[in-house]
Amino acid sequence: EAGVAQSPRYKIIEKRQSVAFWCNPISGHATLYWYQQILGQGPKLLIQFQNNGVVDDSQLPKDRFSAERLKGVDSTLKIQPAKLEDSAVYLCASSLRQGSTDTQYFGPGTRLTVL
Amino acid sequence: AQTVTQSQPEMSVQEAETVTLSCTYDTSESDYYLFWYKQPPSRQMILVIRQEAYKQQNATENRFSVNFQKAAKSFSLKISDSQLGDAAMYFCAYRISGSARQLTFGSGTQLTVLP
């Protein structure tokens, strides 16, 4: 079974530029999560999708961050415009949502550096 | 709000020895899950072990075991016969019971394995 795929693996941009990240979850996984991991910290949830609907986006900075999951499969996370403090690793995870025992599987992440 | 605390930013262990990583959490929920994830330099989050709060028996996965103290809200990870490949950042995480719930992570413990 293929894992969660993310691209790109690395991205360097200047502040005020825009950037987009892509995630392809494990086939059949209904739930998709985007986490932000700042250096030296644990991941923090940005947004959670159930199929193509948003379940929780309470910690998403909506003035600059947006995300979508068209057709309930792939997802993109966009930052526009980027700030220095957005430098972090962006992790995508997916889970099957089968009862209460679903395990989240993570992708390799995208490391964003904002200069 | 739920919080997860890892008080050891760094730990080291000699190869073949045993090491214990600490984690405490705060919650008012009675039904939840606890996890230990491993994050090597590749950034891929890998699930190491999972504990259901309603189970009194401590979870074990090969060389990895936990000491779950529900009343004390403590969840430590013991790694026996440490191997060089165990070197990584280890994150403790919490999730409320129920499907498709977000993970709350601690700040991580960087484990170094000395040859």
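Above: the structure in question.
Report follows, based on the coordinates. Keep in mind the model is a prediction, meaning the values are calculated, not measured. Throughout, a residue's number is its position along its own chain's written sequence, starting from 1. Chain letters start at A and ligand numbers start at 1, both assigned in the order the entries are written. Local features are withheld for residues below a pLDDT of 70 in this predicted model, meaning they are given only at 70 or higher, and side-chain atom pairs are given and counted only at 80 or more; totals for whole chains, interfaces and linings count all residues. Neither water nor hydrogens contribute to the side-chain values; these are computed over all heavy atoms in the structure.

What to know about the overall build of chain A
Applied cut-off: By definition, any uninterrupted DSSP run of H or I lasting at least four residues is a helix, any uninterrupted run of E lasting at least two residues is a strand, and each is numbered from the N terminus. We compute the radius of gyration over the C-alpha atoms and compare it with the globule rule, which gives 2.2 Å times the number of residues raised to the power 0.38. In this analysis, two residues are considered to be in contact whenever any of their non-hydrogen atoms come within 4.5 Å of each other. Each accessible area is a Shrake-Rupley estimate made with a 1.4 Å probe; only the visible protein chains count as cover when residues are assessed. His is not counted here, nor are the chain ends, while Lys and Arg score as positive and Asp and Glu score as negative. Every charge is mapped to an atom, namely NZ of Lys, CZ of Arg, CG of Asp or CD of Glu.
Of the regular secondary structure elements, chain A holds 0 helices and 11 strands. Going from the N terminus to the C terminus, chain A shows its helices and strands as β-β-β-β-β-β-β-β-β-β-β. Against the 2.2 N^0.38 benchmark of 13 Å for 115 residues, chain A shows a C-alpha radius of gyration of 13 Å, consistent with a compact globule. The C-alpha extent of chain A, read off along each of the three principal axes, is 40 × 25 × 25 Å. In chain A, the share of contacts with a sequence separation of at least 24, taken over all contacts with a separation of at least 6, comes to 53%. Of the roughly 5,600 Å² that chain A leaves accessible, carbon and sulfur atoms contribute 50%. With 13 positive and 10 negative side-chain charges, chain A shows a spacing of 4 Å between the two charge centroids.

Considerations on the packing of aromatic side chains
For clarity, the threshold we go by: Aromatic pairing here means that ring centres of Phe, Tyr or Trp (its six-membered ring) are within 6.5 Å. Orientation follows from the plane angle: under 30 degrees is stacked, over 60 is edge-to-face, and everything else is tilted. Each residue gets one of three labels from its accessible area relative to the maximum for its type: buried under 20%, exposed over 50%, partly exposed in between, using a 1.4 Å probe on protein chains only.
A full pass over the atoms with the stated rule returns 16 aromatic pairs over all chains. Their ring planes at 40° and their centres at 5.5 Å tell us that Tyr35(A) and Phe106(A) sit as a pair that is tilted. Linking Tyr35(A) in strand 4 (residues 31–37) with Phe106(A) in strand 10 (residues 105–106), this pair joins segments that are 71 residues apart in sequence. Residue Tyr35(A) is classed as buried on the basis of its relative accessible area, which comes to 0%. Residue Phe106(A) is classed as buried on the basis of its relative accessible area of 3%. Ring centres 6.2 Å apart and planes at 20° place the aromatic pair Trp36(B) and Phe75(B) in the stacked group. Taken together, the residues span a long stretch of sequence, with Trp36(B) in strand 5 (residues 32–39) and Phe75(B) in strand 9 (residues 74–79) at a distance of 39 residues.

Some thoughts on the nonpolar core
Residue and element names in this part refer to chain B. For clarity, the cut-off: Definition used in this section: a nonpolar core is a set of buried Ala, Val, Leu, Ile, Met, Phe, Trp, Tyr and Cys residues joined via side-chain atoms within 4.5 Å.
Within the largest apolar cluster, 25 residues are counted, with the highest numbers of intra-cluster contacts made by Tyr25, Trp36, Phe75, Leu77 and Tyr90. At the level of secondary structure, the elements contributing two or more residues to this core comprise strand 3 (19–21), strand 5, strand 6 (46–52), strand 8 (64–69), strand 9, strand 10 (88–96) and strand 12 (109–114). The greatest single-element share of this core, amounting to 4 residues, is contributed by strand 10.

Remarks on the pattern of salt bridges
Residue and element names in this part refer to chain B. Here is the rule: Between Lys or Arg on one side and Asp or Glu on the other, a salt bridge is scored when a side-chain nitrogen of the former is within 4 Å of a carboxyl oxygen of the latter.
Overall, the coordinates contain 6 salt bridges over all chains when judged by the stated rule. For glutamate 52, the salt bridge identified is with arginine 50, shortest N-O distance 3.8 Å. The class for glutamate 52 is buried, based on a relative accessible area of 9%.

Some words on the pairing of strand 3 (residues 19–24) of chain A
The two faces of a sheet get side chains in turn, since along a regular strand they alternate between them. Residue and element names in this part refer to chain A. Keep this limit in mind: By this definition, two strands are paired if DSSP reports at least two bridges between them.
Alternating positions in strand 3 separate cleanly, Val19, Phe21 and Cys23 being buried on one face and Ala20, Trp22 and Asn24 remaining unburied on the opposite face. Looking at chain direction, strand 3 and strand 8 (residues 75–79) are connected through 5 bridges and run antiparallel. Counterpart to cysteine 23 in the pairing with strand 8 is serine 75.

A word on the interface of chain A and chain B
The cut-off we apply is this: A simple way to read buried area is as the amount of 1.4 Å-probe accessible surface that goes missing from two parts once joined, with both sides added. Here a polar contact is taken to be a pair of N or O atoms separated by no more than 3.5 Å, where protein atoms must pair a possible hydrogen donor with a possible acceptor and residues adjacent in sequence count only if both atoms sit in side chains.
The interface of chain A with chain B comprises 30 residues on the first partner and 21 residues on the second. Buried area between chain A and chain B, summed over both chains or domains, comes out near 1,900 Å², and the portion from carbon and sulfur atoms is 44%. On inspection of chain A and its partner chain B, the count reaches 0 salt bridges. There are 10 residue pairs in polar contact (both at pLDDT 80 or more) connecting chain A and chain B. If one sorts the elements of the side of chain A that touches chain B by residue count, strand 4 of chain A sits on top with 4 residues.

As for unusual backbone geometry
A cis amide bond links Ser7(A) to the next residue, Pro8(A), at an omega of -10°. If you trace the backbone, Pro8(A) turns up in the loop between strand 1 (5–7) and strand 2 (10–13). With an omega of -5°, the peptide bond running from Gln80(A) to Pro81(A) counts as cis. Summarising the element assignment, Pro81(A) is placed in the loop between strand 8 and strand 9 (88–95). Phi is positive for Lys71(A), close to 60°, though the residue is something other than glycine. Mapped onto the fold, Lys71(A) is located in the loop between strand 7 (65–68) and strand 8. For Asn62(B), which is not a glycine, the phi torsion comes out positive at approximately 55°. Within the element layout of this structure, Asn62(B) appears in the loop between strand 7 (60–61) and strand 8.

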